[in-house]
Amino acid sequence: LSIYSRTVEPLEYYRRFLKENCRPDGRELGEFRTTTVNIGKCLCSITTADGSALVKLGNTTVICGVKAELAAPAVDAANKGYIVPNVELPSLCAERFRSGPPGEEAQAASQFIADVIENSQMMVKEDLCIANGKLAWVLYCDIICLDYDGNLLDASVFALLAALKNVQLPLVTINEETGLSEVNLKQKNPLIIRKHPVATSFAVFDDTLLIVDPTAEEEDLATGTVTIVTDEEGRLCSVHKPGGSPLTGAKLQDCITRAITRHKEVKKLIDKVIKSITPK
């Protein structure tokens, strides 16, 4: 396999491996990198958050902190709260990113996360309303990439879900006489998570070959990528395909089937971790 140099002819180098149904890092084409998740206050870097999680997908490392604040609902959505996701790709996580305002990739990822929240109905904004037209919760979901090695979207969706499941909000009531809000920190409730979306990303090589959970190098060499989001009922929540090679119906169906299997693995992992940190 060493006829082609990885630095001089990286694509040819990869093709030699792909012909043998494996990848340079030793994985099979349909194999995910080791996935781990840590949930809660063990994350010293964002102890001020109301919920937090750190997800590692191979070398790709993403942290999500959820901060809850009180605000007045929008006039045209008097019975709804807000969920505001924001993905950050700091220059520290990879050489390709520059410091400064969010770049195109970070903006696209933030929009993708917003769409997943909306399409999957993982949370219903009505559940965040405290008093119709008067008071609602705003959830600021900051997703920060600490180390970038491809497949940002899968790691981000996973970190968001894990962090939201870690949030406990205090009971808030509005005093009828004063009209002011009163916060009871002794009585806290978890968020209502209605669906558990999981993202599964694929890179397309030479318009035909699909590999799961691509590294940054694989994404750069691929002719396209596609991300499938499913929920626990196997329902398709979204298909994200930013240009690149078109996919046949059969290939897309193959991706969806694999995404449903991946969902079960991720859900099992998240449930296991939450069980381990829940007070007996």
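For the structure, check the block above.
Now for a description of the structure that goes with this document. Model, not experiment: these values are computed from the prediction. (Residues numbered from 1 in each chain as written. Predicted model: local features only at pLDDT ≥ 70, side-chain atom pairs only at ≥ 80, totals over all residues. Heavy atoms only, no water.)

## Side note on unusual backbone geometry
Inference 1: In this model, D207 sits at a positive phi of 65°, which is unusual for a non-glycine residue.
Inference 2: Of the residues examined, D207 reaches a relative accessible area of 46% and is grouped as partly exposed.
Inference 3: The phi torsion at D213 lies on the positive side, around 45°, for a residue other than glycine.
Inference 4: With respect to the element layout, D213 can be found in the loop between β10 (209-212) and α4 (216-221).
Inference 5: Residue D213 is classed as buried on the basis of its relative accessible area, which comes to 0%. (Buried < 20%, exposed > 50% of the residue type's maximum accessible area, 1.4 Å probe, protein only. Helix = DSSP H or I, 4+ residues; strand = E, 2+ residues; numbered from the N terminus.)

## Details of the pairing of strand β2 (residues 51-57)
Inference 1: Within β2, six of the seven residues are buried, leaving the element largely enclosed by the surrounding structure.
Inference 2: With five bridges joining them, strand β1 (residues 35-39) and β2 adopt antiparallel strand pairing. Within the sheet, the bridge partner assigned to T35 lies in β2 and is L57.
Inference 3: Pairing analysis gives seven bridges linking β2 to strand β3 (residues 60-71), with the strands arranged antiparallel. Its bridge partner lying in β3, G51 is registered against V66.
Inference 4: Joining the antiparallel neighbours β2 and β3 is a turn of two residues, in which G58 adopts a positive phi near 65°. (Pairing = 2+ DSSP bridges.)

## Some details on the sheet that holds strand β9 (residues 198-205)
Inference 1: If you trace the four strands from one edge of the open sheet to the other, you get β10-β9-β11-β12, paired in antiparallel fashion. Each end of this open sheet is capped by a strand with a single partner; those strands are β10 and β12 (236-240). Strand-to-strand twist in this sheet, taken as the mean axis angle between neighbours without regard to direction, amounts to 25°.
Inference 2: Summarising the sheet, β9 and strand β11 (residues 224-230) pair through seven bridges and their orientation is antiparallel. Counterpart to V204 in the pairing with β11 is G224.
Inference 3: The sheet contacts of helix α2 (residues 104-120) involve β11 and β12, and relative to β12 the element is tilted by about 155°.
Inference 4: Contacts between helix α5 (residues 249-277) and the sheet are confined to β9, β10, β11 and β12, with β11 contributing the most and set at about 50° to the helix. (Axes fitted to C-alpha atoms, helices over the stretch in contact; angles between N-to-C directions. Contact = heavy atoms within 4.5 Å.)

## With respect to the pattern of salt bridges
Inference 1: In the structure shown here, the tally under the stated rule is 17 salt bridges.
Inference 2: Across the pair R27 and E218 runs a salt bridge whose closest N-O atoms are separated by 3.7 Å. Here E218 lies in helix α4 and R27 lies in the loop between α1 (10-19) and β1, a separation of 191 residues in the sequence.
Inference 3: A salt bridge links R96 to D220; its shortest N-O distance comes to 3.1 Å. Here R96 is found in the loop between β4 (82-88) and α2, whereas its partner D220 is found in helix α4, with 124 residues between them in sequence.
Inference 4: We classify R96 as partly exposed; its relative accessible area is 37%. (Salt bridge = Lys/Arg side-chain N within 4 Å of Asp/Glu carboxyl O.)

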